[in-house]
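Structure at a glance
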Amino acid sequence: MQYMQCMKRYLSNLHLFSFFSRPTTLPSFRPFVDYLFWTMQSFRRAVCAPSITRVFQTRAMSSLKLPDLSWDFGELEPVISAEIMKLHYQKHHQAYVTNGNLALEKLADAQHKGDTAAIIGLQNALKFNCGGHLNHSIFWKNLASPKKGGGHLGSGELRKKIETQFGSLDKLQAQMSATTVGVQGSGWGWLGYDKASDRLVVTTTPNQDPLQPTTGLVPLLGIDVWEHAYYLQYKNVRPDYVKEIWKVINWADVENNLKNAK
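Thresholds, definitions, all that
- Residue positions are given per chain, counting from 1 as you read along its sequence in written order.
- The model is predicted, so local features are restricted to residues of pLDDT at least 70 and side-chain atom pairs to those at 80 or more, both for listing and for counting; the totals for chains, interfaces and linings are taken over all residues.
- Remark: hydrogens and water are excluded; side-chain values derive from all non-hydrogen atoms of the structure.
- For our purposes a nonpolar core is just a set of buried Ala, Val, Leu, Ile, Met, Phe, Trp, Tyr and Cys residues, chained together by side-chain atoms within 4.5 Å.
- Here the term buried applies to any residue with accessible area under 20% of the maximum for its type, exposed to any over 50%, and partly exposed to those in between, with areas from a 1.4 Å probe on protein chains only.
- The criterion used for residue contact is that any of the two residues' heavy atoms lie within 4.5 Å.
- Per the convention used, a helix needs a DSSP run of H or I reaching at least four residues, while a strand needs a run of E reaching at least two, with both numbered from the N terminus.
- Paired strands, as defined in this entry, are two strands with at least two bridges between them according to DSSP.
- Residues adjacent in sequence count toward polar contacts only when both atoms are side-chain atoms; beyond that, a polar contact is any pair of N or O atoms within 3.5 Å, and within protein one must be able to donate a hydrogen and the other to accept it.
- Think of each axis as a best-fit line through the C-alpha atoms, taken over the contacting stretch in the case of a helix, with angles from 0 to 180 degrees between the N-to-C directions.
- The labels follow the angle: roughly parallel below 35 degrees, roughly antiparallel above 145, roughly perpendicular from 65 to 115, and oblique for the rest.
- Residues are grouped as follows: Ala, Val, Leu, Ile, Met, Phe, Trp, Tyr, Cys and Pro are nonpolar; Asp, Glu, Lys and Arg are charged; all remaining types, including Gly, are polar.
- When the near helix sits turned anticlockwise from the far one by under a right angle, the crossing is termed left-handed; a clockwise turn instead gives a right-handed crossing.

This part is about the nonpolar core. Membership of the largest hydrophobic core comes to 46 residues, with the highest contact counts inside it found for Leu143, Ile162, Leu191, Tyr241, Ile245 and Trp251. In this structure, Ile162 is in contact with Leu153, Gly167, Ser168, Leu169, Leu172, Leu200 and Trp251, ignoring residues within four places of it in sequence. Among the nonpolar cores identified, the runner-up in size contains eight residues, and Ala103, Leu104, Leu107 and Leu122 belong to it.

Along helix α11 (residues 251-261), the positions that sit buried rather than exposed are Trp251, Asp253, Val254, Glu255, Asn257, Leu258 and Ala261. On its buried face, α11 sits against α5 (123-141), α6 (157-166), α7 (169-181), β1 (187-194) and β3 (218-224).

Next up on the list: the pairing of strand β2 (residues 199-206). Two elements, β1 and β2, share eight bridges in a ladder whose sense is antiparallel. What sits directly across from Trp188, in β2, is Thr205. What sits between the antiparallel neighbours β1 and β2 is a turn of four residues, in which Asp198 has the positive phi angle 55°.

With that out of the way, let us pick up the side chain of Ser137. Along the chain, the position of Ser137 falls in helix α5. Engagement of the side chain of Ser137 in a polar contact is seen with the backbone oxygen of His133, the distance being 2.8 Å. Each residue touching Ser137, except ones within four places of it in the same chain, is listed here: Pro67 and His93.

The next subject is unusual backbone geometry. Following Glu77, the chain continues into Pro78 via a peptide bond in cis, with omega recorded as 5°. Tracing the sequence through the fold places Pro78 in the loop between α2 (32-61) and α3 (82-113). For Asp198, which is not glycine, the phi torsion reads 55° and is therefore positive. You can see Asp198 is positioned in the loop between β1 and β2. A relative accessible area of 34% means that Asp198 is categorised as partly exposed.

To continue, consider the packing of α6 against α11. Relative orientation of the contacting elements α6 and α11 amounts to 90°, with a least axis distance of 9 Å. Overall, the two elements α6 and α11 adopt an arrangement that is roughly perpendicular. Within the contact between the two elements, α6 uses Glu157, Leu158, Arg159, Lys161 and Ile162 and α11 uses Trp251, Val254, Glu255 and Leu258. Considering only residue class, the contact of α6 with α11 consists of five nonpolar, no polar and four charged.

Further remarks concern the environment of Val183. Along the chain, Val183 falls in the loop between α7 and β1. Note: C-alpha distance between Val183 and Thr203 (20 residues apart in sequence) is 9.8 Å. Those residues in contact with Val183 that lie beyond four places of it in its chain are Trp188, Thr204, Val225 and Arg238.

Glancing now at the packing of α7 against helix α10 (residues 238-245). Relative orientation of the contacting elements α7 and α10 amounts to 145°, with a least axis distance of 10 Å. In the crossing of α7 with α10, the sense of the turn from one axis to the other is right-handed. Contacts between α7 and α10 involve Ser177, Thr180 and Val181 from the former and Arg238, Pro239 and Val242 from the latter. Split into classes, the residues belonging to the contact of α7 with α10 amount to three nonpolar, two polar and one charged.

None of this, on its own, says anything about what the molecule does.
Here you go:
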């Protein structure tokens, strides 16, 4: 549709269909067919190609969407209430998706225009919103009802690494809980994987900073400690929320993330 609109506009400007009344405007050595072909090629280069390229760039980049969930909102109760999970997913994550796509559209337009200043100015919005989308997409998969394996760590490579590095699962949970509770303001607690050393790493990121792009660590398990993740149920007692969330950690997903990281 946009291609045809561009074409009509271009042909209108050329007054192509009036050339029969003004044959002298055509080069005498160029047959009409060759001239029409030349006209269409000029039209594509001058008018439509940049516009179409910009449209496809925008559509290709504006692809963030809410992921499907493997559980219903009430399945994680009593650890996390259905009300919290519904608001968290439908409102907060959706906001990151919406604003992330807007930022990506602006980025595509700035790149098309070669506007370096605008590209630089978009970096914070991209990191915050697209990072929020990445982090939450990991978080949802990291959770599972105890009836579906939540809280249970099998006897695979992940358990071996945890026991070798931390001594036991309980000790890992204690260390990661303390680190995560200590996040100042809003952010995330992470169990990451360092490919270079083949080791697990407990760390944190502020705000919605995504783990791998900012630290190089592959995210295996993330705990959201923004207040919207727990306040309606746990108020300002973050330690209680972090203590309880281990009951619904999907260790099978964490194990799978480790396998994919290698």
